[in-house]
Amino acid sequence: MKTFDLGNTTVRDLNQALHDQAKTLEEREWLVTHPDGAHNLAVGVNEAVSVDIQGHAGYYCAGMNQKASITVHGNVGVGCAENMMSGYVRVKGSASQAAGATAHGGLLVIEGDAGARCGISMKGIDIVVGGSIGHMSCFMGQAGRLVVCGDAGDALGDSLYETKIFVKGKVESLGSDCIEKEMRPEHIEELQALLNKAGFNEKASDFKRYGSARQLYNFKVDNACAY
Amino acid sequence: MCGIVGLYLKNPALEPQLGKLFEPMLEAMTDRGPDSAGFAIYGDEVADGWVKLTLQAASDDYDFKALVGALEGKLAASLDWFQNASAIVLKIKAEEAAVRSALAELAPDVRIMSAGKSIEILKGMGLPKEISERFGLGSMKGSHIIGHTRMATESAVTMEGSHPFSTGADLCLVHNGSLSNHFRLRQELRREGIQFDTENDTEVAAGYLAWRLQQGDSLKTALDSSLEALDGFFTFAIGTRNGFAVIRDPIACKPAILAETDDYVAMASEYQALSSLPGIEKAKVWEPVPATMYIWERESAQGART
């Protein structure tokens, strides 16, 4: 295991070392100590390495991740795992705004709460949140799944495309064109598999499913005269 | 951008170290605000009948001694004062209004940064490190403190445009964000008798709160109504004589993080600014919820959800 102490090295050194060794993969396990809320930790990693961050991370932690497995033993700031392509990111604490924003793939697990705009414009990632999420989450979500074991804030799934949303608790309000949908056996099966994969001891049948009413995302030709 | 930080001590035993604990918090926010910095510190209260003012001159060599002498002669009041770089802290046994009008006459170019029983505001242009060194922040004592590092957007980089702003006794506010209705609101508040020294949007927010408190609102009610009255993006940290509050607008674009232990409550724009605090690894750390007020006051601590 390679240990990187950010108390005496820079974030740039850490990220460069992660990128450099990805070509040779001589070291698969990395430990980052004293992150102290630094931004851009383990960003753009593109090989199957494992990174453990021992403490709180700042903005954009594990952004653009591909293949790597990254665990933060603390909280993360804005934009954790934003635009992730594949791999696995686990946050032991809570996440600030825009967790998993625009991400195309992989699995993001947040054990605590996530702030506003969780999964905004998500494009294929799976996000599982152990606690609650803030307002405007999943805005313009295009693909992937967002699972919330707690409550969801205002305007959930506003202008939603094809992201599937599952919430166990209360939804403060649904956004434009987002509706509750029937939980059919295939959804329970799919959700249970995802909950198990994320390591949550929850029953899929306790959740409600939300999705797009599909009234908003195609341009209606009847409205052409308005332009 | 801008960075804001605040530290409110629950354990009085830490009061001698307030400046030392706060200095690295302010400096950690340099990336968010390298243009100017400042802080409002609370402590060293004056007795009943006395008022404490912080005055700042344009240069370090201003003859404050002559000014204080003239003031003493004019008001025939007991006073005590000390200089700190380009500022002085003046404690005087007189009515605030009388001191203000005497100062306006004797030294119209000297600015009154703060007035009250407890508050002192020190600020200026330059990196946060330069400001904290200029005023000797590291050795200051007190019960609570809020600070600001500025990346200017709304108005010019000047000492006057530096934050924090105070427009009422012992009331101070630091702000990350921008207000879109400050021009109109300033006009309305001027009609209500609130004085403004700059064209800065944050001063309007401070003025609004000062006006609500003058009207008899509690801090909680005043903050509640500010969510309606102020249009824009904001995270505020607010200091009063015995209290500390944090509030974010309903959209919550601007960041904020809170940490609490048995010894203190700390607030910052980013966690980085909290990482130097003792016991932070065991602290309760959370992101304040939008449009929700968090208030701590001496003898009581509460996070009130609206």
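Not measured: the values here are computed from a predicted model.

**Section: the pairing of strand 3 (residues 50-54) of chain A**
All names here are of chain A. Here strand 3 shows one buried face, formed by V51 and I53, and one open face, formed by S50, D52 and Q54. The pairing of strand 2 (residues 29-33) with strand 3 spans five bridges and is classified as parallel. Residue V32 lies in a different strand from strand 3, and its bridge partner there is I53. Bridge count for strand 3 against strand 4 (residues 69-72) is four bridges, and the pairing is parallel. Each residue of the ladder has a partner; that of S50, found in strand 4, is S69.

**What to know about the side chain of D158 of chain A**
All names here are of chain A. Looking at where D158 falls in the secondary structure, it is placed in the loop between strand 8 (143-148) and strand 9 (164-167). Of the side chains with opposite charge, R117 comes closest to the buried, unpaired D158, at an N-O distance of 11 Å. Here the side chain of D158 touches S159 through a polar contact of 2.7 Å, side chain to side chain. Not counting residues up to four positions away in its chain, the partners in contact with D158 are M136, C138, F139, M140, G175 and S176.

**Quick notes on the interface of chain B and chain A**
As a measure of interface size, the accessible area lost when the parts come together is often cited. Tallying the contact residues gives 15 residues for chain B and 12 residues for chain A. Summed over both partners, the interface of chain B with chain A buries about 980 Å², with 44% contributed by carbon and sulfur atoms. Considering only the side of chain B, the residues that lose the most area to chain A are Y271, Q272 and E287 of chain B, jointly responsible for 43% of the buried surface there. In this assembly, chain B and chain A are joined by zero salt bridges. Here the side of chain B that touches chain A is built from residues that sort into eight nonpolar, three polar and four charged.

**Brief notes about the confidence of the model for chain B**
Reading fine detail from the predicted coordinates is not recommended where pLDDT is low. Residue and element names in this part refer to chain B. Across chain B, pLDDT averages 92, with 97% of residues at or above 70. When mean pLDDT is compared element by element in chain B, helix 1 (residues 18-28) scores highest at 98, while strand 17 (residues 300-302) scores lowest at 42. Counting contacts from residues 300-306, a segment whose pLDDT is below 50, to residues more than four positions away or on other chains yields 18 contacts. If you check the scores for this complex, the pTM reads 0.91 and the ipTM reads 0.87.

**Side note on the domain arrangement of chain B**
All names here are of chain B. For chain B, the assigned domains are domain 1 (2-45 + 122-297) and domain 2 (46-116). Computed over C-alpha atoms only, the centres of domain 1 and domain 2 are separated by 24 Å. Note on domain 1 versus domain 2: buried area summed over both sides is about 1300 Å², and carbon and sulfur give 47% of it. Seen at the junction of domain 1 and domain 2, the total is one salt bridge. Between D44 and K91 there is a salt bridge; the shortest N-O distance is 2.8 Å. The interface formed by domain 1 and domain 2 includes six residue pairs in polar contact (both at pLDDT 80 or more). Those elements giving two or more residues to the side of domain 1 that touches domain 2 turn out to be strand 7 (119-125), helix 4 (128-135) and strand 9 (165-168). Looking at the side of domain 1 that touches domain 2 residue by residue, the class counts come to five nonpolar, three polar and seven charged.

**Some words on the pattern of salt bridges**
Tallying each qualifying case throughout the model produces 23 salt bridges over all chains. Residue E260 of chain B pairs with K10 of chain B through a salt bridge whose shortest N-O separation is 2.7 Å. Of this pair, E260 of chain B sits in strand 13 (residues 257-260) while K10 of chain B sits in the loop between strand 1 (3-9) and helix 1, and the two are 250 residues apart along the sequence. Here K10 of chain B falls in the partly exposed class, since its relative accessible area comes to 30%. One salt bridge connects K52 of chain B with E120 of chain B, and the closest N-O pair in it is separated by 2.9 Å. Pair noted here: K52 of chain B is in strand 3 (residues 51-56) and E120 of chain B is in strand 7, with a separation of 68 residues, a long-range link. The two residues K52 of chain B and E120 of chain B agree in class, both being buried. One network of salt bridges, in which partners are shared, links D126, R145, K164 and E190 of chain A.

Rules behind the numbers
- Every residue gets a number counted from 1 within its own chain, in the order that chain's sequence is written.
- As they are written, the chains are lettered A onward and the ligands numbered 1 onward, keeping that order.
- Residue-level local features of this predicted model are given only where pLDDT is at least 70; pairs of side-chain atoms are given and counted only at 80 or more, and the full residue set underlies all totals for whole chains, interfaces and linings.
- Neither water nor hydrogens contribute to the side-chain values; these are computed over all heavy atoms in the structure.
- Working definition: with a 1.4 Å probe on protein chains only, accessible area under 20% of the residue-type maximum means buried, over 50% means exposed, and in between means partly exposed.
- We count a stretch as a helix when DSSP gives it H or I for four or more residues in a row; a strand needs E for two or more, and each element gets its number in order from the N terminus.
- When DSSP finds two or more bridges between a pair of strands, those strands are recorded as paired.
- Asp and Glu count as negative and Lys and Arg as positive, but His and the ends of the chain are not part of the count.
- By definition, a salt bridge exists where a carboxyl oxygen of Asp or Glu is found within 4 Å of a side-chain nitrogen of Lys or Arg.
- The term polar contact refers here to a pair of N or O atoms within 3.5 Å; inside protein, the definition further demands a hydrogen-donor-capable atom paired with an acceptor-capable atom, and it admits residues adjacent in sequence only when both atoms are side-chain atoms.
- Contacts: residue pairs with any heavy atoms within 4.5 Å of one another.
- What counts as buried area is the accessible surface, traced by a 1.4 Å probe, that two parts surrender upon association, with contributions from both included.
- For this scheme, ten residues count as nonpolar: Ala, Val, Leu, Ile, Met, Phe, Trp, Tyr, Cys and Pro. Four count as charged, namely Asp, Glu, Lys and Arg, and the remainder, Gly too, count as polar.
- Note on scores: pLDDT gives the predictor's confidence for each residue, bounded by 0 and 100.
- How far each domain reaches was decided by an automatic or database domain assignment.

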